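If you want the building blocks of each chain, they are given just below.
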Amino acid sequence: MRVFDQATGAPVWSEDVSRSGCADTFLTAPVVHLRRHATPAFQIDYDHDLVYAGTAHSSITTGSGSCANANRDNRVFAFDAATGNVEWRFNATGVQDVDVVRGMALDPSADLLYVATDRTDSPSQQSLWALDVLTVQVVWSANAGRLWTAPVLHKGRLYVADLSGIFRAYDATDGSALWTLDTGIPFVLDPEIVELGTGEVLIAVPDFFGNVRVIRDDGAGATSLHWFQVPTGDPGVDSPGPDVAATSPVVADATGRALVGADDGSLYPSTSSRARWALRLPQTPRPAPSSPRWSWNHRGSSRHRQAPWRRATRAC
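In what follows, the accompanying structure is described. (Residues numbered from 1 in each chain as written. Predicted model: local features only at pLDDT ≥ 70, side-chain atom pairs only at ≥ 80, totals over all residues. Heavy atoms only, no water.)

Here we look at the environment of Ser109
Spelled out, the test is: Put simply, DSSP H or I for four residues or longer makes a helix, DSSP E for two residues or longer makes a strand, and each gets a number counted from the N terminus. Each residue gets one of three labels from its accessible area relative to the maximum for its type: buried under 20%, exposed over 50%, partly exposed in between, using a 1.4 Å probe on protein chains only. Here a polar contact is recorded for every N or O atom pair within 3.5 Å, except that within protein the pair must consist of a potential hydrogen donor and a potential acceptor, and residues adjacent in sequence are included only if both atoms are side-chain atoms.
Along the chain, the position of Ser109 falls in the loop between strand 7 (101-107) and strand 8 (112-117). Relative accessible area serves as the criterion here: at 59%, Ser109 is assigned to the exposed category. In sequence terms Ser109 and His37 are 72 residues apart; their C-alpha atoms lie 8.1 Å from each other. Looking at Ser109, its side chain comes within polar contact range of the side chain of Asp107, at 2.6 Å.

Pasting the structure below:
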């Protein structure tokens, strides 16, 4: 784990948590727990922010000795955000059957960290975990299929999309299953929540073939509203198109459009009438850097560049 100064790119701290003889790695983005937005109980236990990260020890990178339990002994770490000191380890001794960590979501109001994992060891393996970050205990867990995407939390509901094409909703407090929707096409990119002014909750998620699917949660069940290709907005297809979605949707506010990155290197607005969930971006784009301010390479050297800023010449 490495942390860099946001402005300069200078290294702040690094912490190696890999085990001897293991090929432990991190595959997903870390999650930050800010103390100023935390519960009183968290603020009593910690006088600093925490950073959470989960490991990816799989059968592809199996080591030897203590690392023989690939796909079953992955861990979640809590680091002191300022110093890098390890505050706690979940599954430190491999008691829990935890596959590769694929994504996390935090509910700071409940001190719960939701962890999505793969499920390659056994069809009965748990793949969705709710961890109490104060006690480091499992509050609940569920077999949610093979998860390659992060869970999404919204108003007490936890949404996950699995590799077989099933979209699921859970009660975030106790883990009870609320509904499932089988789309038949694998999900490999993170969902995005859109709440309309009417209170209607829609979930937009790209599938394996680059289409974007929009799912409505009406409280009692789910409906697949729209299924369209990127960038044309035509009805979705069950085979790869010439230009397919390569990113999760990026949304702005409840009045306009969304952008989806495609594998041709472009960002496309969802212009189809089918995409009534789409969000409209601001008419005047924010300034964008013409080149990176700094970069980091695997050899451990930092290159700093004070790049000028320029305004885009036309709106998206």
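Observations concerning the pairing of strand 8
The line we're drawing: Between any two strands, at least two bridges found by DSSP are needed for them to pair.
Counting buried residues along strand 8, 6 of its 6 residues qualify, which places the element largely inside the surrounding structure. Burial of the side chains of strand 8 extends over both faces: Leu112, Tyr114 and Ala116 are buried on one face and Leu113, Val115 and Thr117 on the other. Looking at chain direction, strand 7 and strand 8 are connected through 6 bridges and run antiparallel. Within strand 8, the residue paired with Ala105 across the bridge is Tyr114. Following strand 7, the chain reverses through 4 residues before pairing antiparallel with strand 8; Asp111 in that reversal takes a positive phi of roughly 55°. Alignment of strand 8 against strand 9 (residues 128-132), held across 5 bridges, turns out to be antiparallel. The residue of strand 9 that forms the bridge with Ala116 is Leu128.

Section: the sheet that holds strand 4 (residues 50-54)
The line we're drawing: To define axes, lines are fitted to C-alpha atoms, for helices over the stretch in contact only, and angles between the resulting N-to-C directions are given on a 0 to 180 degree scale.
Spatially, 4 strands are ordered 3-4-5-6 in an open sheet, and the strand pairing comes out antiparallel. Looking at the sheet topology across the chains shown, the edges are occupied by strand 3 (31-33) and strand 6 (86-90). Across the sheet, the mean angle separating the axes of adjacent strands is 20° when strand polarity is ignored. Here 5 bridges tie strand 4 to strand 5 (residues 76-80), and the two strands are oriented antiparallel to one another.

Description of the side chain of Arg19
Relative to the assigned elements, Arg19 resides in the loop between strand 2 (11-14) and strand 3. Residue class for Arg19 comes out buried when judged on its relative accessible area of 18%. A polar side-chain atom of Arg19 sits 2.8 Å from a polar atom in the side chain of Asp24.

Some thoughts on the packing of aromatic side chains
For the record, the criterion: Within 6.5 Å between ring centres, the rings of Phe, Tyr and Trp (the latter by its six-membered ring) count as paired, and their orientation is classed by plane angle as stacked under 30 degrees, edge-to-face over 60, tilted in between.
This structure, assessed with the given rule, holds 11 aromatic pairs. Ring geometry for Phe77 and Phe79: centres 5.8 Å apart, planes at 20°, overall stacked. The same class applies to Phe77 and to Phe79, which are both buried. Grouped by ring-pair contacts, the aromatic residues Tyr159, Phe167, Trp179 and Phe187 constitute a single cluster.

A closer look at the nonpolar core
Our working rule: Residues grouped as a nonpolar core are buried Ala, Val, Leu, Ile, Met, Phe, Trp, Tyr and Cys residues, joined through side-chain atoms within 4.5 Å. Only heavy atoms matter for contacts: two residues are in contact if any of them lie within 4.5 Å across the pair.
Core analysis: the largest hydrophobic core is formed by 20 residues, its most contacted members being Tyr52, Val76, Trp88, Phe90, Met104, Leu113 and Val115. Elements with a minimum of two residues in this core: strand 4, strand 5, strand 6, strand 7, strand 8 and strand 9. At 3 residues, strand 7 tops the list of elements feeding residues into this core. Residues in contact with Leu113, not counting those within four places in the same chain, are Tyr52, Val76, Met104, Ala105, Leu106, Trp129, Ala130, Leu131 and Val133.

Taken by themselves, the reported measurements are silent on function.
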